[in-house]
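Coordinate analysis (summary)
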Amino acid sequence: MHQDPSPQPPGRDGIAPPGWPRGVRPPGEAGWEETAVAWLFDQVPPGYRDHPVLRAYPLILARMARQHVAATLAAARDGYGTARVDLRDAIPVHAIDGVLRMYEYEGSRAAATERAVVLVERALAGERWPARPPRTGGDF
């Protein structure tokens, strides 16, 4: 049986891992789930707020937010890959360059949001993270 030579220390409440969304309290802190739910609702279409099941079961909301953000990211990737061909006869070249920059920006923003949603979903499922070790070395 193979043993991991450097097991990860157990996680604990109050630790926000890298990529954790701003405005959401670290998992396990008082009121953290309320801040997580509010943030997750900001990641999905407004009509999702009309469904009580999503407030009653934040893990379902997290799943739906993950799916919605993944679809947004896929749309940005598809749009980037097809914009030149689809728009070449409709708009000037400089406008196409602007559209591509927009897709790059929105795609990287969606990718970061997707990572943050996954972290919140994992925390809602009970996962906790260890404290980061203190930095060593020179003063930077």
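See the structure shown above.
Starting from 1, residues in each chain are numbered consecutively following that chain's sequence as written. In keeping with the model being predicted, local features are shown solely for residues with a pLDDT of at least 70 and side-chain atom pairs are shown and tallied solely at 80 or more, while totals for entire chains, interfaces and linings include all residues. To get the side-chain values, take all heavy atoms of the structure and skip hydrogens and water.

1. Focus: helix H4 (residues 93-124)
Its 32 residues place the ends of H4 46 Å apart at the C-alpha level, agreeing with the 46 Å of an ideal helix rising 1.5 Å per residue. Each helix is a run of H or I in the DSSP string that is no shorter than four residues. Each strand is a run of E no shorter than two, and both are numbered from the N terminus. Glycine 126 sits one or two positions beyond H4 and adopts a positive phi of about 110°. Expected helix span is computed as 1.5 Å times (number of residues minus one).

2. Considering the environment of threonine 113
Among the secondary structure elements, threonine 113 is positioned in helix H4. Residues in contact with threonine 113, not counting those within four places in the same chain, are Trp39, Gln43 and Val69. Contact definition: two residues touch when any of their heavy atoms are within 4.5 Å.

3. So, the packing of aromatic side chains
Working definition: a ring pair exists when centres of Phe, Tyr or Trp rings (six-membered ring for Trp) sit within 6.5 Å. Plane angles under 30 degrees give stacked, over 60 give edge-to-face, the rest tilted. Enumeration over the complete set of coordinates arrives at two aromatic pairs. Ring geometry for tryptophan 20 versus tryptophan 32: centroids 6.1 Å apart, planes at 50°, classification tilted. Taken together, the residues tryptophan 20 in the segment before helix H1 (32-42) and tryptophan 32 in helix H1 connect sequence positions 12 residues apart. When sorted by exposure, tryptophan 20 lands in the same class as tryptophan 32, which is buried. Joined through ring pairs, the aromatic side chains of Trp20, Trp32 and Trp129 make up one cluster. Only protein chains enter the accessibility calculation, which uses a 1.4 Å probe; a residue whose area is less than 20% of its type maximum is buried, one above 50% is exposed, and one in between is partly exposed.

4. Regarding the pattern of salt bridges
When a carboxyl oxygen of Asp or Glu lies within 4 Å of a side-chain nitrogen of Lys or Arg, that pair is called a salt bridge. If you walk through the whole model with that rule in mind, you get six salt bridges. When the shortest N-O distance is used, the salt bridge between aspartate 97 and arginine 84 registers 3.5 Å. Here aspartate 97 is found in helix H4, whereas its partner arginine 84 is found in helix H3 (residues 58-87), with 13 residues between them in sequence. When the shortest N-O distance is used, the salt bridge between glutamate 106 and arginine 109 registers 2.6 Å. Remark: arginine 109 and glutamate 106 occur in helix H4; sequence separation between them is three residues, near one turn of the helix. When its relative accessible area of 46% is taken as the criterion, arginine 109 is described as partly exposed.

5. A few points about the layout of surface pockets
A volume near 160 Å³ is recorded for the largest pocket. With a 1 Å grid spanning the protein atoms alone, the term cavity applies to any set of points in which a 1.4 Å probe fits but cannot get out, the term pocket to an open set with protein on both sides within 12 Å along at least five of seven lines, and the term lining residue to any residue with an atom within 4 Å of a point. Lining the largest pocket, in full, are Asp42, Gln43, His68, Val69, Thr72, Glu106, Arg109, Ala110 and Thr113. Those elements that place two or more of their residues in the lining of the largest pocket are H3 and H4. No other element matches H4, which puts four residues into the lining of the largest pocket. Basically, the charged four are Asp, Glu, Lys and Arg, the nonpolar ten are Ala, Val, Leu, Ile, Met, Phe, Trp, Tyr, Cys and Pro, and anything else, Gly included, counts as polar. A breakdown of the residues in the lining of the largest pocket according to their chemical character gives two nonpolar, four polar and three charged. Grid points are joined across faces, edges and corners, and a volume is the space filled by probe spheres set on the points.

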